[in-house]
Amino acid sequence: MERIIVLGIGNQLMMDDGIGISLVEELAKLDQTSNIHYLIGESDIDYCIGKIEEATFTIILDAVCSGKETGEISIYSLANLHEHQTLDISPHNLHLFQVLYQQRETIKGFLIGVEPYEISFHIGISQTLNEKWDQILLEVKKTIVQLIMKENMYID
């Protein structure tokens, strides 16, 4: 049986670092009929690894510093994260990405990274990302569907 998860990671106390969590919360509200399970992993590495290991296909949403414009997304295969030096572009998930690298032969899925504007101590997404929220949400939702279809899986 297929188990597709979309996992939001980050820290909501660090401004835009919480964008993955905010996206998962909103996507879960909008999509209550598909076979996609929306989960919040925050920065709990053990929880995240456990859920990823249970899934047949995983999409992780996170803030990723890739040098793009604020709010732009980047897409990385989980199996090939090491090729993009992703261990340096996500400020809080070093250990998670190291574990994913060790399991790259068995894990199927992608990381969708949103370029943050600011990562510092403050609750909530920056005004700059909030102004782009609708566009980011639409693009992430569309990308999730495309990635799932690319893997020849179908949403009920």
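A few points on the structure.

What counts and how
Residues numbered from 1 in each chain as written. Predicted model: local features only at pLDDT ≥ 70, side-chain atom pairs only at ≥ 80, totals over all residues. Heavy atoms only, no water. Helix = DSSP H or I, 4+ residues; strand = E, 2+ residues; numbered from the N terminus. Buried < 20%, exposed > 50% of the residue type's maximum accessible area, 1.4 Å probe, protein only. Contact = heavy atoms within 4.5 Å. Areas by Shrake-Rupley, 256 points an atom, 1.4 Å probe, with all protein chains shown as cover. Salt bridge = Lys/Arg side-chain N within 4 Å of Asp/Glu carboxyl O. Pairing = 2+ DSSP bridges. Axes fitted to C-alpha atoms, helices over the stretch in contact; angles between N-to-C directions.

## Examining the overall build of the chain
At step 1: The number of helices and strands found in the chain is five helices and five strands.
At step 2: Burial status across the chain gives 48% buried among its 156 residues.
At step 3: Intrachain contacts of the chain at a sequence separation of at least 6 include 79% that bridge at least 24 residues.
At step 4: Split by element, the accessible area of the chain, about 8,000 Å² in all, is 48% carbon and sulfur.

## Examining the pattern of salt bridges
At step 1: With the rule as written, the count across this model stands at two salt bridges.
At step 2: The partner of glutamate 26 in a salt bridge is lysine 29, and the shortest N-O contact between them spans 3.9 Å. Highlighted residues: glutamate 26 and lysine 29, both in helix α1 (residues 19-30), separated by three residues, approximately one helical turn.
At step 3: Given a relative accessible area of 23%, glutamate 26 falls into the partly exposed group.
At step 4: Looking at lysine 29, the relative accessible area reads 59%, which means it is exposed.
At step 5: With a shortest N-O distance of 3.7 Å, glutamate 54 and lysine 51 are connected by a salt bridge. One end of the pair is glutamate 54 and the other is lysine 51, both in helix α2 (residues 45-54) and three residues apart, which spans about a single turn.

## Here we look at the sheet that holds strand β2 (residues 36-42)
At step 1: One open sheet accounts for five strands, arranged β2-β1-β3-β5-β4; its pairing is mixed. A single partner strand is all that each edge strand has here, and the edge strands are β2 and β4 (73-77). When strand polarity is set aside, the average angle formed by the axes of neighbouring strands in this sheet is 20°.
At step 2: Where β4 lies against strand β5 (residues 109-114), five bridges are found, and the strand directions are antiparallel. Across the sheet, residue isoleucine 75 finds its bridge partner in β5, namely isoleucine 112.
At step 3: Of the strands in this sheet, β1 (4-9), β2, β3 (57-63) and β5 are in contact with α1, which crosses β2 at around 150°.

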